[in-house]
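# Coordinate analysis (summary)
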Amino acid sequence: MASLMSCKSPLTKACLGLTDPRYNPEVSNNLIDQDDIWKEFSGYWGPEERNYADVGGLPRVPRFYNPETRSGWPYRSDKMTVFRWITIDGTRYRQKAFYFYEPAPADFCEQIPPEGLLNTVGNGVCGENGNFQFIEDFGTSSYEKDGTIDLVWKNQGPDSDETAGPPKSKTSTLAPADDYGVFAYTDMGIFNVAETFTFSGENRGFLLATATATKHEPTDENFERIVSSSLSQRMSGESAFLQQLKKAFEDHNVDASRVPDWVTNDGALPKCIGNSCPDEEYLCSEGKDPNCSTSPYTEPAASLNGAGLTVIIVCILIAVSTTFYFISRHIMKKQKERLRTRFVEQIVEGVSHVGSVEQLSADDLAKEFHRIDESGDGFISKEELFEFVSTGRAGTISKRDFDALFKSMDVDGNGVVSFVEFCSLMALAGKSYKAGSARNLMARNDVHEEIAHLVDLKKIN
């Protein structure tokens, strides 16, 4: 029965999962299975020369650093060199991006910083040392199963605009734009970025990125709108990536105190660059990784289609008809027993006998048969039987009951009741009496010889 009520049954409406992948458990949660573009997007990219401009297209300029609010960036900001490592494993997405800034120009360094502000970050020297920042993104595939990546954690730093934690908006996502592009949006509260990545070149070996970012609310005096563009090349692997990354620290003369130990020691790229990264429990619970959490999209209970409703209705009708049939048979059986009993009572009264059928002899049965058979042809017609039962000695009988009585007596259905059929009725009806000669007569092996004997004696014409 459970299989019949499955949405895969021909009697039920089709499974919702056949047309909506969110409800189909057989549709993979893995990102590359959902969209091939993630396979192209993965890998090592760089060096990427990125140009930045403020609103109006003016190049961005350095800003003094406020150590208290950890804002401002006293380095060349109109261009930077970027390296990206993007990995997609099953339902998980991770990006590590490194941004390298050249030293600030001399005209900036010649300015005296306002009180509480600095023209460098850390132990570096303005105009001599450059700096770097990183962005680390973590994401998972979504319950939508449409190739979308939900960004669930972001690390950014160190120092300026430093942050670690989940995005401020659940709309922070990456999504396939088409076969050649990816759209990304991140909302970190004071910092929002909308970015488009487009593949170009032979074998999609280049990645063109254009982005628009805002910092602070539009009504804030520190509000910034930033636009950028860049072009990077796919790198051969991790070894080449790490070599180029170490060279970038040297080329930008990043102060040694700010160079990570894993770079200095020629180590592998660490799993977590920031101070904290999401663990497995977080990715499954808050991150809602569909491979280790429960999807809100579950196949609803199966409902009957037109054919299923028809089958159910037919089954109900068959059940009702069968029940009615057996009830009717039971009622008819009881009716026959009642009519036969009444008929026997009338026969018994006809022979002025009080007692039971067991006291009726073969002569008594023949006599009563002859009394009903007024025509004397050896058969009781329907009219003769009606005339007999209409005397009222055993109560009145309706036309419907009489027809049922005659039908129960006329076993062979030839329209008349023979003496054998008469005796058979008396034996059956005698069940409400003690077993007697009437029943014994019909049970005898020589019943036909006995009836013939009665005929020879002229008791039955």
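Attention in this report is confined to the structure presented alongside it. (Residues numbered from 1 in each chain as written. Predicted model: local features only at pLDDT ≥ 70, side-chain atom pairs only at ≥ 80, totals over all residues. Heavy atoms only, no water.)

A word on the pairing of strand S9 (residues 191–200). Where strand S8 (residues 181–187) and S9 come together, seven bridges link them in antiparallel fashion. Within S9, the residue paired with Thr 186 across the bridge is Val 193. Where S9 lies against strand S10 (residues 206–215), 10 bridges are found, and the strand directions are antiparallel. Note on S10: the bridge partner recorded for Thr 196 is Thr 210. In textbook terms, the turn of a hairpin is the stretch between consecutive antiparallel strands, and for S9 and S10 this stretch comprises five residues, one of which, Gly 201, has a positive phi near 85 degrees. (Pairing = 2+ DSSP bridges. Helix = DSSP H or I, 4+ residues; strand = E, 2+ residues; numbered from the N terminus.)

For the rest of this paragraph, the subject is unusual backbone geometry. The omega angle of the peptide bond from Gly 46 to Pro 47 is -10 degrees, so this bond is cis rather than trans. Its place among the elements puts Pro 47 in strand S1 (residues 43–54). Cis geometry is found at the peptide bond from Gly 157 to Pro 158, where omega equals -5 degrees. Within the fold, Pro 158 resides in the loop between strand S5 (149–157) and strand S6 (163–165). The phi angle at Lys 145 is positive, at roughly 55 degrees, despite the residue not being glycine. Inspection of the secondary structure puts Lys 145 in the loop between strand S4 (131–141) and S5.

This part covers the state of the cysteines. Going through the model one piece at a time under the given rule, you end up with three disulfides. Across the disulfide from Cys 109 sits Cys 126; the S-S distance is 2.1 Å. Across the S-S bond of Cys 109 and Cys 126 the torsion is about -85 degrees, and the bridge reads as left-handed. Placement of Cys 109 in helix H3 (residues 106–109) and of Cys 126 in the loop between H3 and S4 is noted, with a sequence separation of 17 residues between them. (Disulfide = S-S within 2.5 Å.)

Judged by how many residues are buried, S5 sits mostly within the fold: eight of nine residues are covered. In the sheet, S5 pairs with strand S7 (residues 173–178) via two bridges, with the strands oriented antiparallel. Considered in S7, the bridge of Ile 149 is made with Leu 174. Pairing of S5 with S6, which is carried by three bridges, proceeds in the antiparallel orientation. Bridging from a neighbouring strand, Asn 155 pairs with Ala 164 of S6. Taken together, S5 and the strand that follows it, S6, pair antiparallel across an intervening segment of five residues, in which Asp 159 is found at a positive phi of about 70 degrees. (Buried < 20%, exposed > 50% of the residue type's maximum accessible area, 1.4 Å probe, protein only.)

What the rule picks out here adds up to 21 aromatic pairs. Here Trp 45 and Phe 199 contribute two aromatic rings whose centre-to-centre distance is 6.3 Å and whose plane-to-plane angle is 45 degrees, an arrangement assigned as tilted. One end of the pair, Trp 45, is in strand S1; the other, Phe 199, is in strand S9, with 154 residues separating them in the sequence. On the basis of relative accessible area, Trp 45 is assigned to the buried category, the value being 0%. With a relative accessible area of 5%, Phe 199 lands in the buried category. One aromatic cluster is present, formed by Tyr 44, Phe 83, Trp 85, Phe 98, Phe 100, Phe 132, Phe 241, Phe 249 and Trp 262 through successive ring pairs. The ring of Tyr 297 is capped by Arg 22, whose NZ or CZ atom sits 4.4 Å from the centre of that ring. (Phe/Tyr/Trp six-rings, centres within 6.5 Å; stacked < 30°, edge-to-face > 60°. Lys NZ or Arg CZ within 6 Å of the ring centre and 35° of its normal.)

Across all of its chains, the model carries 22 salt bridges by this definition. In this structure, Arg 234 engages Glu 40 in a salt bridge whose closest nitrogen and oxygen atoms are separated by 4.0 Å. In this pair, Arg 234 sits in the loop between strand S11 (224–233) and helix H4 (238–251) while Glu 40 sits in helix H2 (residues 37–41), placing the two residues 194 residues apart along the sequence. In this structure, Glu 136 and Lys 96 form a salt bridge, with 2.5 Å as the shortest nitrogen-oxygen distance. With Glu 136 in strand S4 and Lys 96 in strand S3 (residues 92–101), this residue pair connects regions lying 40 residues apart in the sequence. On the basis of relative accessibility, which here comes to 0%, the residue Glu 136 falls in the buried class. Relative accessible area serves as the criterion here: at 0%, Lys 96 is assigned to the buried category. Each of Glu 48, Arg 50, Arg 84 and Glu 195 takes part in a single network of salt bridges with overlapping partners. (Salt bridge = Lys/Arg side-chain N within 4 Å of Asp/Glu carboxyl O.)

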